[in-house]
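Topology and contacts: notes
Listed below, chain by chain, are the residues.
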Amino acid sequence: MKKDENVAELNSRRETLKKIGLGSGAGLLGLFGGISTAEARERQGTPSYAKAMAPVKIKSVKAIATAPQGSNLIVVKVETTEPDLYGLGCATFTQRAAVVIVAINTYLNEFCVGKDVDNIEDMWQAAYVSSYWRNGPVLNNALSGLDQALWDIKGKRANMPVYQLLGGKARFAIPCYTHAGGNTPEAAAESVKKFMEEGYKHIRIQQGGYGAVGANAANAQPDFKTANFGGATDNYMNERMYLKSVPKMFEVVRKQCGDEVELLHDIHERVQPIDAINMIKRVEEYRPFFIEDPFSPENMKWFAQLRQATSVPIAMGELFNNINEFKEPMVNQWFDFIRIHVSQIGGITPAMKVARLGEWFNVRTAWHGPGDVSPVGHAAHAHIDLAVWNFGIQEAVQFSDKMKEVFSGCPTMNKGYMSVNEVPGLGVDINEKEAAKYPIGTKSNWQVRKADGTIIRP
C-alpha cells in the first residue's frame, strides 16, 4: 500500500513539473528526484528559436560593374543554394576597377563555390592568405566585397539588420561631416553657413581642391606644362600657397561661422612632413575637430614628432592597405581617428577588429566614405557606426537619382545624421539591368605635380 502511494505521489509531481515548463521545471526535477533534464527537454521538444538553420552553400560569386555617378563602382554578388538568397558587398577600387573584376569572377568564384555561407571568419582568413602575398589593393577590394556580401546574407538569414549582429545600436543615428569649400576663404565660409542651415554640426573645409588645386587661376600654367612635361590632365599644386592659405581659411570661417560648428580639414599627404607639422600648429587656435592625413604611409614615424608639437586631433588611415598597419600607430596613440576605407581594408570583419582595438586606446572611428564607394559600401560603414561604442564621425554622402535607380535602399541623410534601411542584411539591393546602363571606364586622374613636374604623392 505504501509503495502505491509513493508511485502516485511521484506521478503527481511529474504532472506538476510538465505544467511548469522547461525553464523552471528542468531545475526542479533534480530537486524532486524525478526524470533527468535531458529527458524533460526531449519530452517537451526543442523550441523553434533553438533549432539550427539548415546549411546554405555558395553557388556563385560575381562582380557587377557600374558608374551611374561617374566613378567606377564594383559590387560583389554572392548567390547561394537557397533560392532567392544572395548577398551584396562593395569591392570598389575606382582607379583600377577592371582588374578587381577579374579577381572576383575568376579567383574568388572558384575559391568560394561550395563553401558554407555562415563561416565568415574562416572564409576571410582563408581568402586573405590563399594568394600567399596578401597585401595588395586589388585582392583586398575583392575580399572586402566578399566579406560584406557574407554579412549581408547572414543578416538576411537571421532576419536582422547587420548592426544587430554586431551588438545592436549604440546611438539612434550616425553623425556625419560634409564637405564645404570655395576658391577663397570667404567663399568657404559661405559654403559652411549653407550646410549649417541644413543641420550639419561637423563640416570639412577646403580652399579649392586638395592642396588648393584650382584655387588660383595663376596656377593654370605651371612651368612643367609650358615645357610639355607630364600628362595633359595632370594637376598642379603650389605648396607654399597652400600652406599659407589653410590657417587664413580657418581664421575667416571661424570668425564668420562661430565656435559651435566643428571644422575639419584634409591635407591629403601632399606636403612635406615638417611643413604639415608647422601648419597644424598654426591652426590649433581655431580648434579643428581633426586634421586628416598629414603624412603619407611612407612617413609614419613623423607622427611621434607631430604629437609632441601640437594637441590638434589627427585622423589617418584611408591609404592603409593592410589591417596590421593600424596596430603600432594605435598602440602608440599617434592619431585620434581611425580613417579606414572599409571596402579596401578587407570588409566588415577586419574593420570591426580594428574598431574594437581602438576602444582600448581611446581611438575613435571615422570611416572613409567618398563618392567612389557604392551605396552597399556606405551601408556597411553605417551598420558598424551604429554598433561600435568608440564611433567618432562618419563622412556624409549624397546619392544622385541615377544612383538610386541602380541601388535601392541607400542610406539616407537628415539634418547631419545618416540612417540605414531597417531591413534584414545591409539593406541595399541592386538593379542589374539599370547598372548595365552605366559602363565603367579605365581612366584615372590622380596625378598632381610641383612646378618642375615632380609627382606629389597622395
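The rules behind the values
Residues numbered from 1 in each chain as written. Predicted model: local features only at pLDDT ≥ 70, side-chain atom pairs only at ≥ 80, totals over all residues. Heavy atoms only, no water. UniProt positions renumbered as here; feature names shortened; annotations may be inferred. Buried < 20%, exposed > 50% of the residue type's maximum accessible area, 1.4 Å probe, protein only. Helix = DSSP H or I, 4+ residues; strand = E, 2+ residues; numbered from the N terminus. Pairing = 2+ DSSP bridges. Phe/Tyr/Trp six-rings, centres within 6.5 Å; stacked < 30°, edge-to-face > 60°. Lys NZ or Arg CZ within 6 Å of the ring centre and 35° of its normal. pLDDT = per-residue confidence, 0-100. Contact = heavy atoms within 4.5 Å. Salt bridge = Lys/Arg side-chain N within 4 Å of Asp/Glu carboxyl O. Core = buried A, V, L, I, M, F, W, Y, C linked by side-chain atoms within 4.5 Å. Axes fitted to C-alpha atoms, helices over the stretch in contact; angles between N-to-C directions.

The name that an unreviewed UniProt entry assigns to the protein chain is Starvation-sensing protein RspA, with the source organism given as Larkinella rosea. As stated in UniProt under Sequence similarities (unreviewed entry), the record for the protein chain gives "Belongs to the mandelate racemase/muconate lactonizing enzyme family. GalD subfamily."

1. Some points on the pairing of strand β5 (residues 202-207)
Most of β5 is tucked away, with 6 of its 6 residues classed as buried. Burial of the side chains of β5 extends over both faces: H202, R204 and Q206 are buried on one face and I203, I205 and Q207 on the other. Bridge count between strand β4 (residues 174-182) and β5: 6 bridges; the pairing is parallel. From the neighbouring strand, G182 faces β5, where its bridge partner is Q207.

2. Remarks on the pairing of strand β1 (residues 58-66)
Both β1 and strand β2 (residues 73-80) contribute to a ladder of 8 bridges, which runs antiparallel. Directly across from I58, in β2, lies its bridge partner T80. Linking two consecutive strands that pair antiparallel, namely β1 and β2, is a turn of 6 residues; a positive phi of about 105° is found at G70 within it.

3. Considerations on the packing of aromatic side chains
Under the definition given, this model contains 11 aromatic pairs. Seen in terms of ring centroids, F289 and F337 are 5.2 Å apart; in terms of plane orientation they differ by 40°. Their pairing is tilted. Here F289, found in the loop between α11 (273-283) and β8 (290-292), pairs with F337, found in strand β10 (residues 337-338); they are 48 residues apart in sequence, far enough to count as distant. The exposure class assigned to F289 is buried, which follows from its relative accessible area of 12%. An angle of 70° between the planes, with centres 4.9 Å apart, marks the rings of F295 and F303 as edge-to-face. For the residue pair F295 and F303, the accessibility class agrees, reading buried in each case. Members of the aromatic cluster, connected to one another through ring pairs, are Y177, F289, F290 and F337. Taking NZ or CZ as reference, K194 lies 4.5 Å from the ring centre of F195, over its face.

4. A look at the confidence of the model for the protein chain
On average, residues of the protein chain carry a pLDDT of 89, and 88% of them reach 70 or more. Within the model, the stretch residues 16-33 combines pLDDT values under 50 with 18 contacts to residues more than four positions away or in other chains.

5. Examining the pattern of salt bridges
According to the stated counting rule, one finds 24 salt bridges in the structure shown. Here R449 and D234 are joined by a salt bridge, their closest N and O atoms 2.6 Å apart. You can see R449 sitting in strand β17 (residues 448-449) and its partner D234 sitting in the loop between α9 (223-226) and β6 (235-236), a full 215 residues away along the chain. On the basis of relative accessibility, which here comes to 9%, the residue R449 falls in the buried class. The closest approach of N and O atoms between E262 and R287, which form a salt bridge, is 3.0 Å. Taken together, the residues span a long stretch of sequence, with E262 in strand β7 (residues 262-266) and R287 in the loop between α11 and β8 at a distance of 25 residues. Shared partners join several salt bridges into a network, and the residues in it are R204, D266, E292, E318, R339 and E395.

6. Some thoughts on the nonpolar core
Judged by nonpolar contacts, the single largest core of 119 residues is most densely connected at I104, F335 and F407. Not counting residues within four places of it along the chain, the set of residues in contact with F407 comprises T66, L73, V75, S374, P375, V376, V428, D429 and I430. Ranked by size, the runner-up nonpolar core spans 8 residues in total, among them L264, F289, A315 and I393.

7. Topic: the sheet that holds strand β3 (residues 86-90)
As summarised here, the arrangement of the 3 strands in space is β1-β2-β3, forming an open sheet in which the pairing is antiparallel. The open sheet has two free edges, formed respectively by β1 and β3, since each of these has just one partner strand. Taken over all neighbouring pairs, the strand axes of this sheet differ in orientation by 20° on average, direction set aside.

8. Examining unusual backbone geometry
Notably, E269 is not glycine yet its phi reads approximately 60°, a positive angle. Along the chain, the position of E269 falls in the loop between β7 and α11. The backbone phi angle of N362 is positive, close to 55°, even though this residue is not glycine. In this structure, N362 sits in the loop between α15 (348-360) and β11 (364-365).

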